[in-house]
There are 2 protein chains.
Amino acid sequence: MPRDRVTIQHVAKRAKVSLGTASRVLNGNKSVSPEIRTRVERAIMDLDYRPNAVAQSMRRGNSRAVGLMLREFTLPVLASFVRAVQNVLRGAEYSLILAGSEDQRQRELELLAALSSRRIDGLILTTSSEADEDLLRSREALQVPVVLLDRSVPASVDALLIDHRAGIRQAVSYLLNLDHRRIALLTGSENVRPAAERVLGYRDAFEEAGMKPAPDLIRTESFTAEFGYKETLTLLGRQAPPTALIAGGIAMLPGVLRAVRQKGLRVPEDVSIIGTCDSDLAELGTPPISVLRWDYAVLGRAAAELLLDRLQGDRHRPPHRIEVEAELVIRGSCAPPPDVSRRRRGGQERTTRKLRSGVSA
Amino acid sequence: MPRDRVTIQHVAKRAKVSLGTASRVLNGNKSVSPEIRTRVERAIMDLDYRPNAVAQSMRRGNSRAVGLMLREFTLPVLASFVRAVQNVLRGAEYSLILAGSEDQRQRELELLAALSSRRIDGLILTTSSEADEDLLRSREALQVPVVLLDRSVPASVDALLIDHRAGIRQAVSYLLNLDHRRIALLTGSENVRPAAERVLGYRDAFEEAGMKPAPDLIRTESFTAEFGYKETLTLLGRQAPPTALIAGGIAMLPGVLRAVRQKGLRVPEDVSIIGTCDSDLAELGTPPISVLRWDYAVLGRAAAELLLDRLQGDRHRPPHRIEVEAELVIRGSCAPPPDVSRRRRGGQERTTRKLRSGVSA
DNA sequence: TTGAAAGCGCTAACAG
DNA sequence: CTGTTAGCGCTTTCAA
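Residues numbered from 1 in each chain as written. Chains lettered and ligands numbered in written order. Predicted model: local features only at pLDDT ≥ 70, side-chain atom pairs only at ≥ 80, totals over all residues. Heavy atoms only, no water.

## Looking at the overall build of chain A
Worth spelling out the cut-off: Helix and strand labels come from DSSP, where a helix needs a run of H or I of at least four residues and a strand needs a run of E of at least two; each type is numbered from the N terminus. Put simply, the radius of gyration uses C-alpha atoms, and a globule should come to 2.2 Å times the residue count raised to 0.38. Buried means the residue's accessible area, taken with a 1.4 Å probe over protein chains only, is under 20% of the maximum for its type, while exposed means over 50%, and partly exposed covers the values in between. By definition, residues are in contact when any of their heavy atoms lie within 4.5 Å. Areas reported as accessible are Shrake-Rupley estimates using a 1.4 Å probe. Residue values count occlusion only from the protein chains shown. The positive count covers Lys and Arg only, the negative count covers Asp and Glu only, and His and the chain ends enter neither. By convention, the charge on Lys lies at NZ, on Arg at CZ, on Asp at CG and on Glu at CD.
Regarding its fold elements, chain A presents 14 helices and 12 strands. Over its C-alpha atoms chain A spans a radius of gyration of 27 Å, topping by over 25% the 21 Å that the globule rule assigns to 361 residues. Oriented by its inertia axes, the alpha-carbon framework of chain A measures out at about 95 × 40 × 40 Å. Relative to its 361 residues, chain A shows a buried fraction of 53%. Taking the intrachain contacts of chain A between residues at least 6 apart in sequence as the baseline, contacts between residues at least 24 apart amount to 71%. Of the accessible surface of chain A, which amounts to about 16,500 Å², a share of 49% is contributed by carbon and sulfur atoms. Computed over 54 positive and 44 negative side-chain charges, the separation of the two mean positions in chain A equals 4 Å.

And the structure:
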């Protein structure tokens, strides 16, 4: 049977001081004589005393814990986001309470309630929907500073935003320059920012090139690999299949590749592919896949710092909004579409194409 | 300015009952008249009251939170472990406090102290060292049930163990049967179980085949991709380089592949490779990589259930020990070593080789 | 069945 | 500089 945990009372008794004085030493209060301070510190060591954070929270009215609610954190990039958050928080002696919503509204609601009960001091999150009333209300009810990740929001909260629109515009332009015309964009439902922005970027690129996108090639439903897989299968089974696919979601690439492989198609000879998140697979696969990427570790650090800033500083400063760029990394997964290649091999003349600037290697 | 959070006092007042009665309703105590119960429930709804978990913890002496300390959780497989843990815990209304140690002793110590302060009710962890006195003492000091993940330990705690030894034995046998003789094993320091077991399995296989392993091909230092990269580079630069490489760590495969690619070698023609953890890269790469794998989601669920069992049941039952098998998944990354192939192409006779049974496809 | 009151471990305000 | 004390929000005796 575990003997009772040692409390500040025990420390006080052993150091032969009052409880209040022991507390003062613990909290680094100036007004304690050196001699007594030493005595107390001694007692703390001897007893291996560890302050009860629960009692401290109770008394101080804060928990020194922050919640982190994401769709999931199984994806390496999100995990690296979590790690960055954690590293910053650790330095400030905050604990991290993890909450994976699996993108389900009901679960989000439950988790928000649980976090509320725990009286977290702050919250970093991305929600399944941006408009849902209940969700918004639950978040409000927490009455704590919030940092939103890649969701568009009322102007009142801090947020980290990824510039998907410019990223996708760049990717699509690149494909257009390779003479692709039937470019499919697979991404999540447009009621969240990343998907909506990607669709805008897609249209931007076509418009900029003075073209109209083929209808029906923008598929917005889910960010999952599963959706990428099924949709790719469907698209590639069409009469006039797309010649290029953009996997618009950080988990989607494996699904798309699986489908392409299942169809027995080669990348990039038969179909070009651009991912929307870097990974070992994209980097070391054969061929390596060109991707749009941004640094989640940087995002994580920024998110945590934004939150700490509010927690420790001015809770009423105007909200910050940090936007990060998506970088197009060209690797080996894109080539001119097969019909063009054929024409070329046939020796037909072609107008020169210039690679748009701003595309990095 | 956030108006004060509503407490059980407010609920009691509004329902015109005593605080104690309100509490009873909250806790589903039988002895409350239906009428009053309704009134209180009504008040709870009206006020959107959320019990203060901090105060509850204080009073009850438990926190309904468990700590999860891993080397890191950036790896997809570990993240899926975390997710499984979380899913089980959520059902039991426990929160998860995440702690990534980055495999650093000092950080582990700090995190353990922080978790102790928070009065977590239980802990799931893997430590950087199995023998370290301070670590052991800190863990003891927590005085809570512990589930250890893939570490060998005093017989007193619950543990989940992966049978690396049998797994590696199987993998090495497979390679020996392909006529490999110079088989390198890259893994972490032998002072933790997975590495130690892998080395044993490696020796087992050679012994079983009546052979002696070439010296200097067991490289035990670190589980990182970085180590895999550097060591592979070194090994492949030798006079007599290994013809097969086993990446003995869940993060190591990308490093090994990177090095192989950098050397301009082909898999499996020039060198055979076996990974020790499944991944998108292993599954969808070209060629797909043969791996030893086990199910981390199952492990996570088991870990959480083991812990809950203790938390909610008999805290003094004898410790459980769950061992999971590693399955060898044969894909396309292994072939006979180049010299053998050459000999073969030359038409030389060869003794028949039988594929050892127990190797799954 | 209900109310009153003690006390979990701690911090901070107040007195000395 | 130090000791005493109230009270954070809640659960749980103990009485009624």
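## Some thoughts on unusual backbone geometry
Omega for the peptide link from T286 of chain A to P287 of chain A comes to -5°, which places this bond in the cis form. With an omega of 5°, the peptide bond between V267 of chain B and P268 of chain B qualifies as cis. Positionally, P268 of chain B belongs in the loop between α11 (253–262) and β9 (272–275).

## Structural notes on the sheet that holds strand β1 (residues 65–70) of chain B
Note the cut-off: Strands are treated as partners if at least two bridges between them are detected by DSSP. Angles here are taken between N-to-C directions and fall from 0 to 180 degrees, while the axes themselves are lines fitted to C-alpha atoms, restricted in helices to the stretch in contact.
Across the sheet, which stays open at both edges, the 12 strands sit in the order β11(A)-β5(A)-β4(A)-β3(A)-β1(A)-β2(A)-β2(B)-β1(B)-β3(B)-β4(B)-β5(B)-β11(B) with mixed pairing between neighbours. Strands with a single pairing partner mark the edges of an open sheet, and in this sheet they are β11 (321–324) of chain A together with β11 (321–324) of chain B. Here the strands of the sheet are splayed against their neighbours by 20° on average, with no regard to which way each runs. Direction of pairing for β1 of chain B relative to strand β3 (residues 122–125) of chain B: parallel, over a ladder of 4 bridges. Among the inter-strand pairings, L68 of chain B is bridged to a residue of β3 of chain B, identified as I124 of chain B. The sheet contacts of helix α5 (residues 76–91) of chain B involve β2 (95–100) of chain A together with β1, β2 (95–100), β3 and β4 (146–149) of chain B, and relative to β1 of chain B the element is tilted by about 170°.

## Focus: the nonpolar core
Applied cut-off: Here, nonpolar core means buried Ala, Val, Leu, Ile, Met, Phe, Trp, Tyr and Cys residues that are tied together by side-chain atoms lying within 4.5 Å of each other.
Counting residues in each nonpolar core, the largest one holds 154 residues, and the members touching the most others are F81 of chain A together with F81 of chain B. Non-local contacts of F81 of chain A, meaning those with residues more than four positions away in its chain, are made with L68, L70, I124, L149, Y296, L299, G300 and A303 of chain A.

## Observations regarding the relation of the copies chain B and chain A
Here is the rule: Least-squares superposition aligns the copies on the C-alpha atoms of those residues with pLDDT at or above 70 in both.
Relative to chain A, chain B is turned by 180° and slid 0.0 Å along the rotation axis, the superposed coordinates differing by an RMSD of 0.1 Å. Viewed as a symmetry operation, the transformation between the two copies matches a two-fold axis. A shared binding surface is used by both copies, with 98% of the interface residues of chain B retained as interface residues in chain A.

## Some points on the domain arrangement of chain A
Residues and elements named next belong to chain A. Short version of the rule: These domain limits were set by an automatic method or by a database of domain assignments. Two parts placed together each lose some accessible area under a 1.4 Å probe, and adding up what both lose gives the buried area. What counts as a salt bridge is simple: a side-chain nitrogen of Lys or Arg found within 4 Å of a carboxyl oxygen of Asp or Glu. Two N or O atoms form a polar contact when they lie within 3.5 Å of each other; inside protein one atom must be a possible hydrogen donor and the other a possible acceptor, and for residues adjacent in sequence the pair counts only when both atoms belong to side chains.
Its domain assignment divides chain A into domain 1 (3–51), domain 2 (65–162 + 298–324) and domain 3 (164–293 + 326–337). Distance between the C-alpha centres of domain 2 and domain 3: 29 Å. Each side of the interface is counted separately: domain 2 has 15 residues, and domain 3 has 11 residues. Contact between domain 2 and domain 3 buries roughly 1,000 Å² in total, counting both sides, with carbon and sulfur atoms accounting for 58%. Scanning the region where domain 2 abuts domain 3 turns up 1 salt bridge. Residue R193 is joined to D150 by a salt bridge in which the shortest nitrogen-to-oxygen separation is 3.0 Å. Across the contact surface, domain 2 and domain 3 share 5 residue pairs in polar contact (both at pLDDT 80 or more). Secondary-structure elements contributing two or more residues to the side of domain 2 that touches domain 3 are α5 (76–91), β5 (158–162) and β11.

## Points about the protein's contact with DNA strand D
Our working definition: Nearness is defined per residue: one heavy atom within 4 Å of the molecule or strand is enough.
As a structural note, the neighbourhood of DNA strand D is formed by 25 residues, with S33 and R59 of chain A together with I8, Y49 and R59 of chain B the closest of them. Within 4 Å of the protein, the contacting atoms of DNA strand D are drawn from sugar and phosphate to the extent of 56%. Note that a phosphate oxygen of DNA strand D is positioned 3.0 Å from one of the backbone N or O atoms of N52 of chain B. For DNA strand D, a phosphate oxygen lies 2.9 Å from a polar atom in the side chain of Q56 of chain B. Elements with a minimum of two residues in the surface near DNA strand D: α2 (19–26) and α4 (53–60) of chain A together with α2 (19–26) and α4 (53–60) of chain B.

## Focus on the protein's contact with DNA strand C
Formally: Note on residue classes: Ala, Val, Leu, Ile, Met, Phe, Trp, Tyr, Cys and Pro are nonpolar, Asp, Glu, Lys and Arg are charged, and everything else, Gly too, is polar.
Around DNA strand C there are 24 residues in total, and I8, Y49 and R59 of chain A together with T21 and S33 of chain B lie nearest to it. Here, DNA strand C places atoms within 4 Å of the protein, and 57% of those atoms are sugar or phosphate. A distance of 3.0 Å is found between a phosphate oxygen of DNA strand C and a side-chain nitrogen or oxygen belonging to S23 of chain A. A distance of 2.6 Å is found between a phosphate oxygen of DNA strand C and a side-chain nitrogen or oxygen belonging to T21 of chain B. Where the surface near DNA strand C is concerned, the elements lending two or more residues are α2 and α4 of chain A together with α2 and α4 of chain B. At 5 residues, the largest contribution of residues to the surface near DNA strand C is made by α4 of chain A. Per-class residue counts for the surface near DNA strand C are 10 nonpolar, 10 polar and 4 charged.

## Topic: the sheet that holds strand β8 (residues 244–248) of chain B
Residue and element names in this part refer to chain B. Strands sit in the order β7-β6-β8-β9-β10-β12 across an open sheet of 6 strands; the sheet is mixed. Each edge of the open sheet is held by one strand with a lone partner, namely β7 (218–221) and β12 (327–329). On average, each strand axis in the sheet is tilted by 15° relative to the strand beside it, whichever way the strands run. Relative to β12, strand β10 (residues 290–293) is paired through 3 bridges, and the arrangement is antiparallel. Pairing of L292 across the sheet is with L328, part of β12.

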